[in-house]
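Here are the chains, one letter per residue:
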Amino acid sequence: GLVPKYNGFHMLVDIVVFTCIDSGKCPALHKFILPAVAHNYDTTVTNLTQCVRKLISSRKPSNLYPYDKPTLKQMVKFISELVRDDLYKLMHSSDEPSVYQVFA
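Starting afresh in each chain, residues are numbered from 1 along the sequence in its written order. Thresholds applied to this predicted model are a pLDDT of at least 70 for local features of residues and 80 or more for the giving and counting of side-chain atom pairs; totals over whole chains, interfaces and linings are not thresholded and use all residues. Each side-chain value is worked out from all heavy atoms of the structure, with water and hydrogens disregarded.

Visitor: Give me the lowdown on a nonpolar patch on the surface, citing residues and values where you can.
Guide: Patch membership requires over 30% relative accessible area and the absence of a salt bridge. Like charges are linked within 9 Å, and nonpolar side chains (Val, Leu, Ile, Met, Phe, Trp, Tyr) within 5 Å. To measure how exposed things are, a 1.4 Å probe is used in the Shrake-Rupley method; for residues, cover is taken only from the protein chains shown. A pair is scored as a salt bridge if a Lys or Arg side-chain nitrogen falls within 4 Å of a carboxyl oxygen belonging to Asp or Glu. There is a patch of nonpolar side chains on the surface, built from Val13, Val17, Phe18 and Ile21 and spanning about 340 Å² of accessible area. Numbered from the N terminus, helices here are DSSP runs of H or I no shorter than four residues, and strands are runs of E no shorter than two. As for its placement among the helices and strands, valine 17 is situated in helix 1 (residues 7-21). When its relative accessible area of 43% is taken as the criterion, valine 17 is described as partly exposed. For every residue, the accessible area obtained with a 1.4 Å probe (protein chains only) is divided by the maximum for its type, and the residue is called buried under 20%, exposed over 50%, and partly exposed between those limits.

Okay, structure coming up:
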């Protein structure tokens, strides 16, 4: 339900990638991850969080999210868990994954 036309979409993708690499540790979000992503986009942490919050508030209604108005930390944690679950299923499936499954 997130619209990719906003800059916050790409920033959120990077935040989720860093969070997944960091084993889903959201306490490191404000201390390490947000400053690193802000540096990549040549912006401030404040501007980055505003862009991502705008994205979150403009999302299409969906029953997928457990929160009505999620915070940045809740959204990152939720998406990171979905990504990790999908990667775990892919890595532990009995069939050899196709190239399409890996990059889908």
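Visitor: I'd like a rundown of helix 1, residues and numbers included.
Guide: Given a helix with a known number of residues, its expected span is that number minus one, times 1.5 Å. For helix 1, built from 15 residues, the straight-helix expectation of 21 Å at 1.5 Å per residue is met to within 8% by its first-to-last C-alpha distance of 22 Å. Of the positions making up helix 1, those classed as buried are Gly8, Met11, Leu12, Ile15, Val16 and Thr19. An end-on view of helix 1 places all buried positions within 140 degrees of arc, on one side of the element. Across helix 1 from its buried face, at more than 90 degrees, point the exposed residues Asn7 and Ile21. In this description, the arc belongs to the directions extending from the helix axis to the C-beta atoms.

Visitor: Please provide a residue-by-residue account of the nonpolar core, values included.
Guide: In this structure, Leu12, Ile15, Leu48, Val52 and Ile79 are the most contacted members of the largest nonpolar core, which totals 20 residues. Elements supplying a minimum of two residues to this core: helix 1, helix 2 (29-40), helix 3 (45-57) and helix 4 (72-91). Any pair of residues with heavy atoms lying within 4.5 Å of one another is described as a contacting pair. The residues contacting valine 52, other than those within four sequence positions of it, are Gly8, Met11, Leu12, Ile15 and Leu72. Joining through side-chain atoms within 4.5 Å is the link that ties buried Ala, Val, Leu, Ile, Met, Phe, Trp, Tyr and Cys residues into a set, and such a set is a nonpolar core.

Visitor: Which residues make up the packing of helix 1 against helix 2, and what values go with them?
Guide: Whenever a helix is involved, its axis is fitted only over the stretch in contact; in every case the axis is a line through C-alpha atoms, and angles between N-to-C directions fall within 0 to 180 degrees. For the pair helix 1 and helix 2, the least separation of the axes is 10 Å and the interaxial angle reads 135 degrees. It follows that helix 1 is oblique to helix 2 by the angle criterion. Seen along the crossing, helix 1 lies across helix 2 with a hand that is right-handed. Residues Met11, Asp14, Ile15, Phe18 and Thr19 of helix 1 touch helix 2, and the partners they reach there are Leu29, Ile33, Leu34, Val37 and Asn40. Considering only residue class, the contact of helix 1 with helix 2 consists of seven nonpolar, two polar and one charged. Here is the rule for angles: anything less than 35 degrees is roughly parallel, anything more than 145 is roughly antiparallel, 65 through 115 is roughly perpendicular, and the remaining ranges are oblique. Helix crossings fall into two classes, left-handed where the near helix is turned counterclockwise from the far one by less than a right angle and right-handed where it is turned clockwise. Side-chain classes follow a simple rule in which Ala, Val, Leu, Ile, Met, Phe, Trp, Tyr, Cys and Pro form the nonpolar group, Asp, Glu, Lys and Arg form the charged group, and the remainder, Gly included, forms the polar group.

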